[in-house]
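Topology and contacts: notes
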Amino acid sequence: MSQLRFTVDHEWLRLESNGLVTVGITAFAQQALGDVVFVQVPELGAFDAGAEVSVLESVKAASSIGMPLDGEVVEINATLESTPELVNEDPLGEGWFFRFKPVDALALGDLLDQDAYERLTAEHADA
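The structure reproduced in this document is the subject of the present report. (Residues numbered from 1 in each chain as written. Predicted model: local features only at pLDDT ≥ 70, side-chain atom pairs only at ≥ 80, totals over all residues. Heavy atoms only, no water.)

**Topic: the overall build of the chain**
For the chain, the count of helices and strands is four helices and nine strands. Helices and strands appear in the chain in the N-to-C order β-β-β-α-β-β-β-β-β-α-α-β-α. In terms of C-alpha radius of gyration, the chain reaches 14 Å, essentially the compact-globule figure of 14 Å for 127 residues. Taken along the three principal axes of its C-alpha coordinates, the chain extends 35 × 35 × 25 Å. Relative to its full complement of 127 residues, the chain shows a buried share of 46%. The contacts in the chain between residues at least 6 apart in sequence include a share of 58% that link residues at least 24 apart. Carbon and sulfur atoms make up 48% of the accessible area of the chain, which amounts to about 6,600 Å² in all. For the chain, the distance from the average position of its 6 positive side-chain charges to the average position of its 23 negative side-chain charges is 6 Å. (Helix = DSSP H or I, 4+ residues; strand = E, 2+ residues; numbered from the N terminus. Rg over C-alpha atoms; globule rule 2.2 N^0.38 Å. Buried < 20%, exposed > 50% of the residue type's maximum accessible area, 1.4 Å probe, protein only. Contact = heavy atoms within 4.5 Å. Areas by Shrake-Rupley, 256 points an atom, 1.4 Å probe, with all protein chains shown as cover. Lys, Arg positive; Asp, Glu negative; His and termini not counted. Charge placed at Lys NZ, Arg CZ, Asp CG, Glu CD.)

Set out below in structure tokens:
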């Protein structure tokens, strides 16, 4: 599965070749937030799906990043602590937040695919 998966909370997930899942926020989310000025990266360790694992603040608002699936955070993007603007500059690349080992990698298939996510963001744009 090389394509991205998405949550309704505007997080993207990418399954890496080593079985880890990389998580970040979408371009739609970072545009809505505006300039990101602070990122609190998560702690390493196990989290249940839905648990708040990271916080970011922008010039417009504060927002939390939830754990998309049950799993263990095994790597963080510590660069975001000193360079939070990477979230705006490259949300699908260098602006990633953390990597985790999912309890059930097949659960990624239950998340939104690209088409479903585009429909979701179109609905937000129309609202």
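**Some details on the nonpolar core**
Ranked by size, the top nonpolar core spans 25 residues in total, and within it Ile25, Val39, Leu56, Phe97, Phe98 and Phe100 carry the most contacts. When residues in this core are grouped by element, the largest group, three residues, is from strand β3 (residues 21-25). Among the nonpolar cores identified, the runner-up in size contains six residues, and Trp12, Trp96, Tyr117 and Leu120 belong to it. (Core = buried A, V, L, I, M, F, W, Y, C linked by side-chain atoms within 4.5 Å.)

**Considerations on the sheet that holds strand β9 (residues 98-102)**
The six strands lie next to each other as β1-β2-β3-β9-β8-β5, forming an open sheet whose pairing is antiparallel. Because the sheet does not close on itself, it has two edges, and the strands there are β1 (5-6) and β5 (45-47). (Pairing = 2+ DSSP bridges.)

**Points about the environment of His10**
With respect to the secondary-structure elements, His10 resides in the loop between β1 and β2 (11-15). Classification of His10 as buried rests on a relative accessible area of 12%. Here His10 is in contact with Gly24, Ile25, Thr26, Phe28, Ala29, Tyr117, Leu120, Thr121 and His124, once residues within four sequence places are set aside. Of note is the side chain of His10, whose polar atom sits 2.6 Å from the side chain of Tyr117. (Polar contact = N/O pair within 3.5 Å; in protein donor to acceptor, adjacent residues only side chain to side chain.)

**Focus: the pairing of strand β7 (residues 62-66)**
Relative to β7, strand β6 (residues 52-58) runs antiparallel, the two sharing five bridges. Opposite Ser54, over in β7, you have Ile65 as the bridge partner. Between β6 and β7, which pair antiparallel and follow one another directly, the connecting turn spans three residues.

**So, the packing of aromatic side chains**
All chains considered together, the criterion is met by two aromatic pairs. A ring pair is formed by Phe6 and Tyr117, whose centres lie 4.5 Å apart and whose planes are at 15°; its orientation type is stacked. Within this pair, whereas Phe6 is found in strand β1, its partner Tyr117 is found in helix α4 (residues 114-126), the two being separated by 111 residues in sequence. Ring centres of Phe98 and Phe100 lie 6.1 Å apart, and the angle between their planes is 45°; this geometry places the pair in the tilted category. For the pair Phe98 and Phe100, a shared accessibility class is recorded, and that class is buried. Directly above the aromatic system of Trp96 lies the positively charged group of Arg99, at a separation of 4.0 Å from the ring centroid. (Phe/Tyr/Trp six-rings, centres within 6.5 Å; stacked < 30°, edge-to-face > 60°. Lys NZ or Arg CZ within 6 Å of the ring centre and 35° of its normal.)

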